[in-house]
Amino acid sequence: MVSVVGSQENNSEDPMFVAMETEVNGIDCPRNEIQDFTLEQGEGSNVVFSREGPLVKKDSRLSTGCCCSVKNLKSRAFATDSEVQKNEKFGDEKKLSRQDRIELGRLFQTAVSSHDWELADKLIELADPQTLNDALCMTLDSIWFLSTHQELQGITGLIKNIIANGAYDFTRAALRTSFLASCVSACQSRTMSLADTVTVMAQRLHERLQECNGDEVLKAEAGAKVQKFTEWALKCIGFHSRCQGNKDRVSHSSAVEIQLQLSAFKIFLDLAGNHLTGKDFTEAFDAACFPLTLFSSSFDPGWASGISATAIQGLLGMLVEGGADNVNQCFLEASRFGSTELVRILLQIAQRNSLDVDVDLALGFASHYCKIGTMECLVEEGNAIAFLGPLMRAAERGCRLVVEWFVKRGCRDMELCLALTAATSSSQVDIAAYLLPHVPQHVLAALSIEILKAAGERSGGSLDGVAFLLRSDFLGDPAATYSVADSIARSDDEAVAPELRSFLREHWSESAFFDGLRQGREHYMNIVRILKWGGSPICLRDLPGPLRLAIAYLPLYRECIKAGGCLLSQRLRGQLVEAVSRLGGGVLEEVNQGRELLAVLEHHLPPFLVHTSSIA
């Protein structure tokens, strides 16, 4: 991601200039500003974007109070060669004042936007090194708006002249124009006005920062810098659009125009030659990718294969040819933030240049942030096949949307089983309930003990997931389910978590069933003692039979109803067996008769209590 230091100096005499000028002292990679803001640590950039890059209306060059300065610059521009040579101090050592640089920049921008190449060339002769570098940036920015061969020749000729006169900051020019070109391509895909685009961009930037970890102050500072520079780019686009006769919308370039624009950029790269390093190309690639992540949510499906994306595809391709080596890094970041169309473009670039991109890791990032559209792109177009890791992590987090997506795409039996284990260990009962029917019974039977052991080991203190599997009779056979639980409860295996063993021993083991019987007998004897010798003012013996039964067994009934599921725990089943035998319901000790036991107890309770309990 690109981060930009904003302007601290503005020309207060020209409102239009104040609105459009951007002074950028440096560009720093946010990987050094915000921890975990991108996918992996990268090198910082010390590239200067723009010191003074004015963009003004055609008629604004004479609107300031410094008319003498403007006239002086214009008179210098059209001075004869002999007059220029007479001024010995105005040679290699020339250095303009800040006000002169501003005025010269204003005149130069107007000349470029009006295609007055003669005036622009004359102004170049007056520029000092800093102004030459600014002029190089402004001229290069304008290539993304040219539309004819004449304009191509004029702009590229001007670039050559600027470089011949001493411009040297190719790094800043490449980085800045890459960012701008990306914004142009993005805006061409939108139907809303540029004013609305600024709002959308700000909101998306805020959302993106919220998705990142790191210090809130650093995130706020980085966000302000990026927003300032992005707003500059949109204002630049708006200025050029108005010059082309479009009030508040970006004109759509034709295929021919885009080829002209890319040709101009290629000429710049050829002129820059070895002055641009691999690091410069890498940072320019990063700068070009970033705006697309801000606008990605508004792209129509298939934008990457449309005419609007042609320019950015060509730009990124040339940057890769120049030495950009961060395609995979930008690809992973785009996947993380759900920039599906950028992911699609980077896949195409990687394929054309025989580059490796980690589609499986990208799938993990996209699934972690629930970017379903990006996940589909990675699987269908990137051939990602590593479902297990993302599926398990989604199950652990309880992200049902992602889990359902993976299941519908098709998962192997073992992947489903491991995802079930992950959901169980995290007590994600809803996810476990969804996955359980999808895991074949023979797989569950073969791995039942390992599933429960693994879930207990990684439970983090809650065994609700384990309890859910047992209550759901996850083996489809009550005897088998009880047997597995009892086996683990009696096991001396050190791999069994103590908390799991204690839980199963207390509630789901065979000994828990006999404890339940014992508790049921003790409870019955206590009720009998109260009826015979209780000193309560209310004589329980005088109450109707159903009410006496409710006093005795309503708590047990409610606990069974609350537990839910196909199976009752062994402890509750033991208590129910004892209660039903005392009620004359016979002996129902078969492991698959839990619900029958509950029905017998329910039959003896007052209907109004049964109804209330069932609702609760």
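Given the structure is predicted, the values throughout are model-derived calculations rather than measurements.

Give a description of the overall build of the chain that names residues and reports values.
The secondary structure content of the chain amounts to 30 helices and two strands. When each of the 616 residues of the chain is scored for burial, the buried share is 54%. For the chain, long-range pairs separated by at least 24 residues make up 76% of all intrachain contacts whose partners lie at least 6 apart in sequence. Of the roughly 26,800 Å² of accessible surface on the chain, 51% is carried by carbon and sulfur atoms.

Give me the lowdown on the packing of helix H4 (residues 98-113) against helix H6 (residues 129-141), citing residues and values where you can.
It is the contact of H4 with H6, at a shortest axis distance of 11 Å, that shows an interaxial angle of 25°. Judged by the inter-axis angle, H4 sits roughly parallel to H6. Handedness of the H4/H6 crossing: right-handed. Counted together, Arg101, Leu104, Gly105, Phe108, Gln109 and Val112 of H4 and Gln130, Thr131, Ala135, Met138 and Thr139 of H6 form the full contact between these two elements. Its residues placed into classes, the contact of H4 with H6 shows five nonpolar, five polar and one charged.

Quick one: what's the story with the environment of Asp121, residue by residue and with numbers?
Relative to the assigned elements, Asp121 resides in helix H5 (residues 117-126). Taking the C-alpha atoms as reference points, Asp121 and Phe108, separated by 13 residues in sequence, lie 8.8 Å from one another. Beyond its immediate chain neighbours, meaning those up to four positions away, Asp121 contacts Leu158 and Asn161.

Could you give me a rundown of the packing of helix H13 (residues 310-322) against helix H15 (residues 340-352), with the residues and numbers involved?
Helix packing for two helices is described by the angle between their axes and how far apart those axes are. Running from N to C, H13 and H15 point in directions that differ by 45°, and their axes come no closer than 10 Å. Classified by the angle their axes make, H13 and H15 are oblique. The crossing of H13 and H15 is right-handed. Packed against H13, whose contacting residues are Ile312, Gln313, Leu316, Gly317 and Val320, the element H15 presents Ile345, Leu346, Gln348 and Ile349 at the interface. Here the residues of the contact of H13 with H15 sort into six nonpolar, three polar and no charged.

Just give me the short version of the side chain of Thr424, but keep the residues and values in it.
Within the element layout of this structure, Thr424 appears in helix H20 (residues 413-425). In this structure the side chain of Thr424 is engaged in a polar contact, spanning 2.7 Å, whose partner is the backbone oxygen of Leu420. Those residues in contact with Thr424, other than ones at most four positions away along the chain, are Ala432, Ala455, Gly465, Val466 and Leu469.

Residue-level account of the packing of aromatic side chains, with values.
The geometry of an aromatic ring pair comes down to the distance between the two centres and the angle between the two planes. Tallied over the full model, the rule gives eight aromatic pairs. A centroid spacing of 5.8 Å and a plane angle of 40° characterise the contact between Trp144 and Phe265, whose relative ring orientation is tilted. Of this pair, Trp144 sits in the loop between H6 and helix H7 (149-164) while Phe265 is found in helix H11 (residues 255-272), placing the two residues 121 residues apart along the sequence. The exposure classification of Trp144 matches that of Phe265, with both residues buried. Arranged with centres 5.5 Å apart and planes meeting at 70°, the rings of Phe513 and Phe514 form a pair that is edge-to-face. Phe514 sits in the partly exposed class, given a relative accessible area of 44%. A network of ring pairs unites the aromatic residues Trp144, Phe170, Phe265 and Phe268 as a single cluster.

Which residues make up the side chain of Thr156, and what values go with them?
Mapped onto the elements, Thr156 comes out in helix H7. Residue Thr156 is classed as buried on the basis of its relative accessible area, which comes to 7%. At a separation of 2.7 Å, a polar atom in the side chain of Thr156 contacts the main-chain carbonyl oxygen of Leu152. Apart from the residues lying within four places of it in its own chain, the contact partners of Thr156 are Ala264 and Ile267.

Account for the pattern of salt bridges, with residues named and values stated.
Under the criterion given, the structure shown has 19 salt bridges. Arg106 is paired through a salt bridge with Glu103; the nearest N and O atoms lie 2.7 Å apart. Note that Arg106 and Glu103 are positioned in helix H4 at a spacing of three residues, about one turn of the helix. Here Arg106 and Glu103 have matching classes, each one buried. Note that Asp134 and Arg172 form a salt bridge whose closest N and O atoms lie 3.1 Å from each other. With Asp134 in helix H6 and Arg172 in helix H8 (residues 170-188), the pair connects residues that are 38 residues apart, well separated along the chain. In this structure, Asp134 and Arg172 share a single accessibility class: buried. A single network of salt bridges, built from pairs that share partners, joins Asp134, Asp169 and Arg172.

Tell me about H8, and name the residues and values.
Spanning 19 residues, H8 covers 27 Å between terminal C-alpha atoms, matching the ideal 27 Å at 1.5 Å per step. The buried fraction of H8 is high, at 19 of 19 residues.

Could you give an account of the environment of His275, with specific residues and numbers?
Residue position: His275 is located in the loop between H11 and helix H12 (278-295). In contact with His275, not counting residues within four places along its chain, are Phe170 and Asp280.

Residues and numbers for helix H18 (residues 388-397), please.
Listed as buried for H18 are Pro390, Leu391, Met392, Ala394 and Ala395. Where H18 is buried, its residues touch helix H16 (359-368), helix H19 (400-409), H20 and helix H21 (429-435). Just downstream of H18 lies Gly398, where phi reads positive at about 80°.

Criteria and cut-off values
Residues numbered from 1 in each chain as written. Predicted model: local features only at pLDDT ≥ 70, side-chain atom pairs only at ≥ 80, totals over all residues. Heavy atoms only, no water. Helix = DSSP H or I, 4+ residues; strand = E, 2+ residues; numbered from the N terminus. Buried < 20%, exposed > 50% of the residue type's maximum accessible area, 1.4 Å probe, protein only. Contact = heavy atoms within 4.5 Å. Areas by Shrake-Rupley, 256 points an atom, 1.4 Å probe, with all protein chains shown as cover. Axes fitted to C-alpha atoms, helices over the stretch in contact; angles between N-to-C directions. Parallel < 35°, antiparallel > 145°, perpendicular 65-115°, else oblique. Left-handed = near helix turned anticlockwise from the far one by under 90°. Nonpolar A, V, L, I, M, F, W, Y, C, P; charged D, E, K, R; others polar. Polar contact = N/O pair within 3.5 Å; in protein donor to acceptor, adjacent residues only side chain to side chain. Phe/Tyr/Trp six-rings, centres within 6.5 Å; stacked < 30°, edge-to-face > 60°. Salt bridge = Lys/Arg side-chain N within 4 Å of Asp/Glu carboxyl O. Expected span 1.5 Å × (residues − 1).

By themselves, these observations are geometric and do not establish any function.
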